[in-house]
Amino acid sequence: MSLNTQAIPKIIVVGGGAGGLELVTKLGRKLGKRGKAQVTLVDNTQTHIWKPLLHEVAAGTLDSHQDEIEYLSQASHSGFRFRLGRMDQLDRDNKTISLAPTLNAEGDEIIPRRTFDYDYLVIAVGSISHDFGIKGVAEHCLFLDTTSQAESFHGQLLEAYVRAHTQGRPIDQGQLDVAIVGAGATGVELSAQLHEVSHLLSAYGLDEVKPAEIKISIIEAADRLLPGLPAKLSKATEVELDKLGVSVLTNERVIEITEDDIKTESGKTISAAIKVWAAGIKAPLFLSQLGLATNNINQIEVKQTLQSVTDDDIYAIGDCAACPWVGHEGNVPPRAQAAHQMASLTYKSIKKRMAGKAAPEYHYHDHGSLVSLGKYSTVGNMMGNLSKGSLMIEGLFARVMYLSLYKMHQVALFGFFRVGMLSLSHLFRRSVHPKIKLH
Ligand SMILES: Cc1cc2nc3c(=O)[nH]c(=O)nc-3n(C[C@H](O)[C@H](O)[C@H](O)COP(=O)(O)OP(=O)(O)OC[C@H]3O[C@@H](n4cnc5c(N)ncnc54)[C@H](O)[C@@H]3O)c2cc1C
């Protein structure tokens with residue numbers, strides 16, 4: 001089908017993550033396929049993995065190559081175009097964005113700098129870890145911001161295990177210890193996954209390393225685990241982690257990381273071979289250089305309609321948006337459920353504006369939070385619609401709710417039928433493959 005692309009609006013979504021990929025898929029299906037708009041996704045990688053799964057990729061309990069979505073394939077099914085590249089510039093007067101040249105692994109340019117015009121621009125580039133300028137973090141810590149970082153974490157973990165297994169002597173004290181800075185959902189979920197992995201690796205033959213010899217610690221500046229979530233949830237999680245032997249140090253502000261140690265303000269030194277930084281987020285720096293109003297963590301300041309306070313034709317959604325949370329202090333939290341809701345609202349907003357109507361307002365609905373402790377447990381709270389309170393959930397029900405979050409994301413991308421087929425094939429695959437990626 002050839003489209004008259006001159007006459008139709010051009011919509012560009014930058015960032016194909018939890019929010020951006022859902023949005024561009026819906027825009028493509030409803031507007032792109034019907035020739036009502038030219039819809040383009042820009043991302044600096046070729047594939048998508050739902051970010052809340054990255055700790056499982058790092059631990060090896062999820063194989064990123066089996067769960068990733070190719071943007072080009074999704075684009076051809078869903079009526080949008082995909083363009084590979086990292087956005088780094090914006091020209092609001094001419095309504096264009098510019099993508100930096102794309103280089104291959106050897107540093108040779110494979111795609112030159114390109115510019116694209118837009119009528120509506122949606123920035124959905126997510127967030128990265130915030131090291132708060134603390135000495136040694138960038139040099140000595142692992143991060144879980146991208147699939148390649150999670151894969152590299154897994155590679156290093158396996159390498160350390162294989163080395164310990166074959167060294168012909170008992171492991172040295174602390175040789176495989178892991179310390180995670182930050183007791184948010186990422187740090188907590190990763191600690192439980194790593195505990196499970198130490199047992200799985202032993203069961204798969206790396207049995208010179210005894211799981212009990214590996215110490216997993218979480219270090220947190222606040223006075224409790226999961227500081228952004230209800231206190232009851234923190235308590236339940238602490239009990240579960242205690243059963244696993246994960247050591248939790250709260251009220252400990254990290255001030256320096258060296259090759260071997262983590263140093264805290266109170267004078268403690270925690271030694272660990274593997275150090276993971278999972279303490280706080282910020283939006284990518286280039287957002288603060290685009291001429292749009294941003295806050296102190298580079299998030300684009302948006303109105304209640306998710307339009308930039310500087311420019312009505314530019315939306316920001318997901319972790320990179322600073323959107324006031326009506327009725328609460330501060331902004332909408334950086335969560336997958338917020339990115340999902342913002343994607344739905346932005347689709348409606350663009351459609352309305354194309355019809356000459358006013359942009360609707362976004363109000364964050366907190367449906368609760370779930371924290372997965374791998375095969376051991378899942379804990380969470382669900383927000384009641386009728387009461388102001390929340391309901392604590394645990395065990396199988398919580399696990400099903402947790403898994404359904406990812407299913408909802410998949411349904412937004414593929415529809416119910418294909419997700420049903422995918423889930424079945426996943427079950428069959430699990431029956432013949434190991435429970436952990438072993439290479
Ligand atoms: C390990 C981990 C566990 C988590 N667990 C949970 C959880 O249990 N529940 C929950 O609600 N949230 C969780 N989160 C947070 C959740 O993943 C994020 O809130 C959510 O992914 C934000 O979605 P987004 O669309 O804003 O950005 P992302 O999903 O991060 O996507 C951003 C996209 O933008 C692309 N991009 C970045 N810069 C550029 C650029 N300059 N040009 C082009 N493309 C670019 C990236 O490649 C990426 O595809 C977790 C996060 C992590 C790291």
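Okay, so let's go over this structure. Since the model is a prediction, treat every value here as computed from it, not as a measurement.

## Regarding the overall build of the protein chain
Argument step 1. When helices and strands are tallied, the protein chain shows 11 helices and 26 strands.
Argument step 2. Here the C-alpha radius of gyration of the protein chain, 22 Å, is about what a compact globule of 439 residues would show, namely 22 Å.
Argument step 3. Once the C-alpha set of the protein chain is aligned to its principal axes, its extents read approximately 70 × 50 × 45 Å.
Argument step 4. Residues counted as buried form 49% of the 439 residues belonging to the protein chain.
Argument step 5. Of the accessible surface of the protein chain, which amounts to about 20,800 Å², a share of 53% is contributed by carbon and sulfur atoms.

## Structural notes on the nonpolar core
Argument step 1. With 59 residues, the main nonpolar core has Ile97 and Ile123 as its most contacted residues.
Argument step 2. When residues in this core are grouped by element, the largest group, 6 residues, is from helix α9 (residues 336–354).
Argument step 3. Of the domains in this structure, domain 1 (10–127 + 283–354) and domain 3 (368–430) are the two that each give at least three residues to this core.
Argument step 4. When neighbours within four sequence positions are excluded, Ile123 is seen to be in contact with Val14, Met87, Leu287, Leu290, Leu292, Ile300, Ile314, Tyr315, Ala316, Ile317 and Cys320.

## As for the site of the ligand
Argument step 1. Around the ligand sit 31 residues, and of these Gly19, Asp43, Asn44, Asp319 and Ala336 come closest.
Argument step 2. At 3.4 Å, a side-chain N or O of Tyr71 approaches an oxygen atom of the ligand.
Argument step 3. Considering the ligand on its own, with 1,000 Å² of exposed area, one finds that the protein chains cover 87% of that surface.
Argument step 4. Going through the elements one at a time, β6 (86–91), α7 (185–203) and α9 are the ones with two or more residues in the shell around the ligand.
Argument step 5. With 3 residues, the top contributor of residues to the shell around the ligand is α9.
Argument step 6. Taken together, the residues of the shell around the ligand sort by class into 12 nonpolar, 13 polar and 6 charged.
Argument step 7. Summarising the domain contributions, the shell around the ligand has at least three residues from each of domain 1 (10–127 + 283–354) and domain 2 (137–277).

## A few points about the sheet that holds strand β22 (residues 314–316)
Argument step 1. Within the open sheet, the 5 strands sit side by side as β5-β2-β1-β11-β22. Their pairing is parallel. Strands with a single pairing partner mark the edges of an open sheet, and in this sheet they are β5 (81–84) and β22. Strand-to-strand twist in this sheet, taken as the mean axis angle between neighbours without regard to direction, amounts to 20°.
Argument step 2. Inspection of the sheet shows strand β1 (residues 10–14) paired to strand β11 (residues 120–123) by 4 bridges, in the parallel sense. By the bridge assignment for β11, Val14 is matched with Ile123.
Argument step 3. Strands in contact with α9 are β1, β11 and β22; relative to β11, the strand with the most contacts, it is inclined by about 170°.

## Points about the pattern of salt bridges
Argument step 1. Tallied over the full model, the rule gives 13 salt bridges.
Argument step 2. The partner of Arg335 in a salt bridge is Asp366, with the nearest N and O atoms 4.0 Å apart. Placement of Arg335 in the loop between β23 (321–322) and α9 and of Asp366 in the loop between α9 and β24 (368–373) is noted, with a sequence separation of 31 residues between them.
Argument step 3. On the accessibility criterion, Arg335 (23% relative accessible area) is partly exposed.
Argument step 4. Put simply, Lys95, Asp313 and Arg353 are held in one network by salt bridges that share partners.

## Things to note about the pairing of β6
Argument step 1. As paired strands, β6 and strand β7 (residues 96–100) are joined by 5 bridges and run antiparallel to one another. The residue bridging Gln89 from the neighbouring strand is Ser98, located in β7.
Argument step 2. Here β6 hands over to β7 after 4 residues, with Lys95 in that stretch at a positive phi of 55°.

## Quick word on unusual backbone geometry
Argument step 1. With a phi angle near 55°, Asn251 is a residue other than glycine that sits in the positive phi range.
Argument step 2. Looking at where Asn251 falls in the secondary structure, it is placed in the loop between β15 (247–249) and β16 (254–257).
Argument step 3. A positive phi angle is found at Leu306, which is not glycine, with a value near 75°.
Argument step 4. Summarising the element assignment, Leu306 is placed in the loop between β21 (300–301) and β22.
Argument step 5. Its relative accessible area of 0% is what places Leu306 among the buried residues.

## Observations concerning the packing of helix α6 (residues 147–166) against α7
Argument step 1. Relative to each other, α6 and α7 sit at 40°, their axes nearing to 12 Å. Between α6 and α7, the angle is such that the two are oblique. Handedness of the crossing formed by α6 with α7: right-handed. Two secondary-structure elements touch here, α6 through Phe153, Leu157, Leu158 and Tyr161 and α7 through Leu190, Leu194, Val197, Ser198 and Leu201.

## Here's the deal with the packing of helix α1 (residues 20–32) against helix α10 (residues 395–414)
Argument step 1. At a minimum axis distance of 8 Å, the contact between α1 and α10 shows a crossing angle of 30°. Comparing their axes, α10 and α1 come out roughly parallel. Seen from above, α1 lies across α10 with left-handed handedness. Residues Leu21, Glu22, Thr25 and Arg29 of α1 pack against His409, Ala412, Leu413 and Phe414 of α10.
Argument step 2. Taken together, the residues that form the contact of α1 with α10 break down as 4 nonpolar, 2 polar and 2 charged.

How each quantity is defined
Residues numbered from 1 in each chain as written. Predicted model: local features only at pLDDT ≥ 70, side-chain atom pairs only at ≥ 80, totals over all residues. Heavy atoms only, no water. Helix = DSSP H or I, 4+ residues; strand = E, 2+ residues; numbered from the N terminus. Rg over C-alpha atoms; globule rule 2.2 N^0.38 Å. Buried < 20%, exposed > 50% of the residue type's maximum accessible area, 1.4 Å probe, protein only. Areas by Shrake-Rupley, 256 points an atom, 1.4 Å probe, with all protein chains shown as cover. Core = buried A, V, L, I, M, F, W, Y, C linked by side-chain atoms within 4.5 Å. Domains from an automatic or database assignment. Contact = heavy atoms within 4.5 Å. Near = heavy atom within 4 Å. Polar contact = N/O pair within 3.5 Å; in protein donor to acceptor, adjacent residues only side chain to side chain. Nonpolar A, V, L, I, M, F, W, Y, C, P; charged D, E, K, R; others polar. Pairing = 2+ DSSP bridges. Axes fitted to C-alpha atoms, helices over the stretch in contact; angles between N-to-C directions. Salt bridge = Lys/Arg side-chain N within 4 Å of Asp/Glu carboxyl O. Parallel < 35°, antiparallel > 145°, perpendicular 65-115°, else oblique. Left-handed = near helix turned anticlockwise from the far one by under 90°.

Note that all results are geometric; they support no functional claim without further evidence.
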